[in-house]
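Chain and residue survey
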Amino acid sequence: LALVPMLRLFVFFFTAREDVSRLAVIRDLVIFSAGQVASSNIVELALSDDDDQRRSFLVLFQKLLAAALRVGPPADAMRLFYAVKEALFLGPEFRPVHEQRSGATLSQLIRRTDVL
């Protein structure tokens, strides 16, 4: 996924004064990716069997949510969080894509970012 290196550079070098417009673009790209099929969906990294990929996704997404909460309206951060939730759980019955990792991912994002 080409979005991961872009996201990595953005979140680690983010400054609120200079990157507000770039945050909007990155946010929209992440939301778009989260709505795609599994092979091109950034959120699938959270369900990976590779521990490093899972951790990397969580760190990047936590930093992205923190940046969104810091500079934008809370609704922008919630759109990101909701996109992840929609990718990890299916349908109105809220069926997890992965038995353990779907819930664990959302739980970690809630605890570490105070998004709610």
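Look above for the structure.
Figured I'd write up the structure that's included with this text.

Cut-offs used in this document
Residues numbered from 1 in each chain as written. Predicted model: local features only at pLDDT ≥ 70, side-chain atom pairs only at ≥ 80, totals over all residues. Heavy atoms only, no water. Core = buried A, V, L, I, M, F, W, Y, C linked by side-chain atoms within 4.5 Å. Buried < 20%, exposed > 50% of the residue type's maximum accessible area, 1.4 Å probe, protein only. Helix = DSSP H or I, 4+ residues; strand = E, 2+ residues; numbered from the N terminus. Contact = heavy atoms within 4.5 Å. Expected span 1.5 Å × (residues − 1). Phe/Tyr/Trp six-rings, centres within 6.5 Å; stacked < 30°, edge-to-face > 60°.

What follows is about the nonpolar core. Ranked by size, the top nonpolar core spans 33 residues in total, and within it Val30, Ile42, Phe57, Phe61 and Leu64 carry the most contacts. Every element with two or more residues in this core is listed here: α1 (3–12), α2 (20–34), α3 (51–71), α4 (74–88) and α5 (101–113). The leading source of residues in this core is α3, at eight residues. If near-sequence neighbours (up to four positions away) are discounted, Val30 is found in contact with Leu3, Leu7, Ile42, Phe61, Leu64 and Leu80.

Taking 1.5 Å per residue as the helical rise, α4 with its 15 residues ought to reach 21 Å, and the 21 Å between its terminal C-alpha atoms agrees with that figure. Of the residues making up α4, those classed as buried are Asp76, Ala77, Leu80, Phe81, Ala83, Val84, Lys85, Ala87 and Leu88.

With that settled, consider the packing of aromatic side chains. One pass over the full model with this rule turns up three aromatic pairs. Consider the rings of Phe57 and Phe61, whose centres lie 5.4 Å apart with planes at 20°: the pair is stacked. Of this pair, Phe57 and Phe61 both sit in helix α3, separated by four residues, roughly a single helical turn. Look at Phe89 and Phe94: their rings are 4.1 Å apart centre to centre, the planes differ by 10°, and that puts the pair in the stacked class. A relative accessible area of 9% means that Phe89 is categorised as buried. By relative accessible area, which is 40% here, Phe94 ends up partly exposed.

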